[in-house]
Amino acid sequence: MKIVTGNDLKTGAVTWWTGSDWSIHVDDAVDAGDQAETIAAREEAARNVNSPYVIEAVTDADGKVRPAHIKDRIRALGPTVRPDLTLKPADPTAGNWVI
Amino acid sequence: MYKYDQYDQAMVDARVAEFRDQVRRRVEGRITEDQFKPLRLQNGLYLQLHAYMLRVAVPYGTLSSAQMHALADIADKYDRGYGHFTTRQNIQYNWIKLEDTPDILADLAKVEMHAIQTSGNCIRNISSDHYAGATADELIDPRPYAELLRQWSSFHPEFLALPRKFKICVIASEADRAAMKLHDIGIRIVKNDSGEIGAAFYVGGGMGRTPMIAPCINPFVPLDQLVTYCEACLRVYNRYGRRDNKYKARIKILVHELGAAEYTRQVEEEFAHLLTQDIEPPLAELERISTYFASPAFETGLSDDIDRSDPDFALWVDTNTVPHKAPGYVSAVISLKPAGGIPGDASAEQMHLIADLTKQYSFDECRVTHTQNIVLPHVKKADLHALWTSLEAAGLGAANLDRIGDIIACPGLDYCSLANARSIPVAQKISERLSPRSAELGELKVKISGCINACGHHHAGHIGVLGVDKKGVENYQLLLGGSEADDTSLGKITGPGFDEAGIVDAVEKATEVYLAQRTDGERFLDTYRRIGINPFKEALYG
Ligand code: HEM
Ligand code: SF4
């Protein structure tokens, strides 16, 4: 599965292509299939995303989209050493799938 | 401390205005990321794993109380309440918003700071001894020379597009506390047989994927030719450095490929030519700069006695204070390495406190060390207990200078987009596991990088750890025997790497070999050098 990720131009926040827009939650990411590169280029040209790129992803047991490589898994969560700064600071299990 | 003159201030202010305009055009979509990237990097703004990262220069690691307060305010107002002090004596913020950056740079400019030349293929922030101006073993304060070179290298039009980044370090003592020989140019201020002061030049050191110790190419350059000699070193590099290959583009490769003798010959030739061009700033300028670094008005007649009745305090004094040139004073090291903490991180509150203590106890001056700690250079022994009490209350009182808990760790895969593996969790686990044995283990420098770029100085650790990517899984190599002090040496890889839990066990095993084999007074490094790597390999791989 191929998903598209990049950063928000103004905030720098990590974002994921949802099929129609960009979300900071990886759970919203969708398989972009063989359109991935085209979407990345089009969205960058339209300034909806900064420095987008296409990555491999998998679906986990609960059907959630997860980046295949640890680097993008950490991008999806936030720093593993500062759970308080991740997207889900209140959820102690939020990082379980990352490492 | 150095004070900006009108030119310094005008240059920095102009740069802020220029960047404000560039950011505006980027946000409006009038320039692309490809066009904008070199512009933002010239202002220290990277795009990292989670957000933009801003690297702020701390020239030769010296900060005033007002500057430290300003850094804390930025952490509070524009970031997420903390900053990361780095091995290059700088500070990095990890959660910066593009649109805030011009305001941050404007706030920095108000306290004579900036992020210029903290990225890109130019001459970077110049580093120095964190005890400069305080230690008894220095010939002279090296910072005026570092400042002179800062002024020469800032916006130097010829050297803004070098083959690769360029790092200069200036020290003035036999003891090396700044990894001088691991810089592109390392300068040691020395005295010759006639009693004149000059500079010894070590050129072509560095870490990264091809670590090299810089050879001395000239043992004595007269002080009134310092800038000219630097210019000659840079010119030869700028002309012949390997622009064809990023991995071979640092000056260390040029010096290595040409040989130190041939590189030196070319530098001397260029130097002879440059001497006819009269480019050296007048000595009066160096003297003007030097007045800003005059020693503070130390009190005299102070007692050297310290009340050691509190054992925790006594331990901290023994570990974290170092002798000072003035009687009754010490330099005190504030550890940013609480057991199990994140090396080099300080919260905004901690920075504000350090700023207050800087003003109260250290003549309004503190220093960032390349080991990611903070030094209050001039503290009265009589004030130490009050200082320590404040530090303890803020989680800054760890007594672990140069001990197993005083680990250097780069941001690694928790923050850095170039990383192969996380560094910080490894540092935390080693620190948690082995800090209780800190006193028994004595001086032991552990340094961790999350990739081959070696920002965490792993080559120079008594024990070094290098994160690698093993088919998508974090893996760690162990290195032994490095040093970045006067006896600079490069560590050797012990063998196959370990997973995260395994590397912590491996470090522990290495310390056990040391404890079993050491003779009286030997540090880990001494034992390693005496017995070699084999006993360690046997313990690790059996
Ligand atoms: C997170 C963003 C960072 C990036 C993208 C980055 C990038 C790099 C790269 C590419 C190199 C290798 C240069 C070469 O070998 O030619 C390098 C070296 C180095 N960096 Fe970083 N670095 C980062 C953070 C840091 C931090 C946080 C520190 C301090 C803790 C640091 C200090 C150094 C040092 C000391 C070296 C090795 C010295 C040398 O240049 O040979 N860097 N960095
Ligand atoms: S050593 Fe590698 S992982 Fe660590 S900060 Fe430098 S570039 Fe990033």
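The structure we're discussing is the one just above.
Right, let's walk through the structure included here. Everything numeric here is computed off the predicted structure, so don't read it as measured data.

### Considering the site of ligand 1
All names here are of chain B.
Alright, step 1. Residues in contact with ligand 1 amount to 22 residues; listed here are only the nearest, Thr 87, Lys 165, Lys 167, Arg 250 and Cys 455.
Alright, step 2. In this structure, an oxygen atom belonging to ligand 1 sits 2.8 Å away from a side-chain N or O atom of Lys 167.
Alright, step 3. Within the shell around ligand 1, the residues separate by chemical class into seven nonpolar, nine polar and six charged.

### Some thoughts on the sheet that holds strand S18 (residues 463–470) of chain B
Residues and elements named next belong to chain B.
Alright, step 1. Ordered by their spatial adjacency, five strands build an open sheet running S16-S17-S18-S19-S20, and the pairing between neighbours is mixed. If you trace the sheet from one side to the other, it starts and ends with strand S16 (408–409) and strand S20 (492–493), each paired once.
Alright, step 2. Inspection of the sheet shows strand S17 (residues 446–449) paired to S18 by four bridges, in the parallel sense. What sits directly across from Lys 447, in S18, is Gly 464.

### Things to note about the sheet that holds strand S5 (residues 91–96) of chain B
Residue and element names in this part refer to chain B.
Alright, step 1. One open sheet accounts for five strands, arranged S1-S2-S5-S4-S13; its pairing is antiparallel. Sheet topology places strand S1 (45–47) and strand S13 (345–347) at the edges, where each strand pairs with a single neighbour. This sheet shows a mean twist of 30° between the axes of neighbouring strands, independent of strand direction.
Alright, step 2. As paired strands, S1 and strand S2 (residues 52–56) are joined by three bridges and run antiparallel to one another. The residue of S2 that forms the bridge with Tyr 46 is Met 53.
Alright, step 3. Helix-sheet contacts for helix H2 (residues 33–41) involve S1 and S2, and the interaxial angle to S1 is about 130°.

### Comments concerning the coordination of the iron atom of ligand 1
Alright, step 1. Within the protein, just one atom coordinates the iron atom of ligand 1: B:Cys455 (SG), at a distance of 2.2 Å.
Alright, step 2. Tracing the sequence through the fold places B:Cys455 in the loop between S17 and S18.

### Quick word on the interface of chain B and chain A
Alright, step 1. At the junction of the two partners, chain B supplies 32 residues and chain A supplies 24 residues.
Alright, step 2. A combined buried area of about 2300 Å² lies between chain B and chain A, and 58% of that area is made up of carbon and sulfur atoms.
Alright, step 3. On the chain B side of the interface with chain A, the three residues burying the most area are B:Leu49, B:His50 and B:Leu413, jointly 20% of the side's total.
Alright, step 4. At the junction of chain B and chain A, the tally comes to zero salt bridges.
Alright, step 5. For the side of chain B that touches chain A, the secondary structure elements donating two or more residues are helix H1 (6–27), S5 and helix H13 (424–434) of chain B.

Calculation notes
Residues numbered from 1 in each chain as written. Chains lettered and ligands numbered in written order. Predicted model: local features only at pLDDT ≥ 70, side-chain atom pairs only at ≥ 80, totals over all residues. Heavy atoms only, no water. Near = heavy atom within 4 Å. Polar contact = N/O pair within 3.5 Å; in protein donor to acceptor, adjacent residues only side chain to side chain. Nonpolar A, V, L, I, M, F, W, Y, C, P; charged D, E, K, R; others polar. Pairing = 2+ DSSP bridges. Helix = DSSP H or I, 4+ residues; strand = E, 2+ residues; numbered from the N terminus. Axes fitted to C-alpha atoms, helices over the stretch in contact; angles between N-to-C directions. Contact = heavy atoms within 4.5 Å. Donors = N, O, S within 2.8 Å, 3.2 Å for Na, K, Ca; no water. Buried area = accessible area lost by both parts, 1.4 Å probe. Salt bridge = Lys/Arg side-chain N within 4 Å of Asp/Glu carboxyl O.

Bear in mind that shape data such as this cannot, by itself, settle questions of function.
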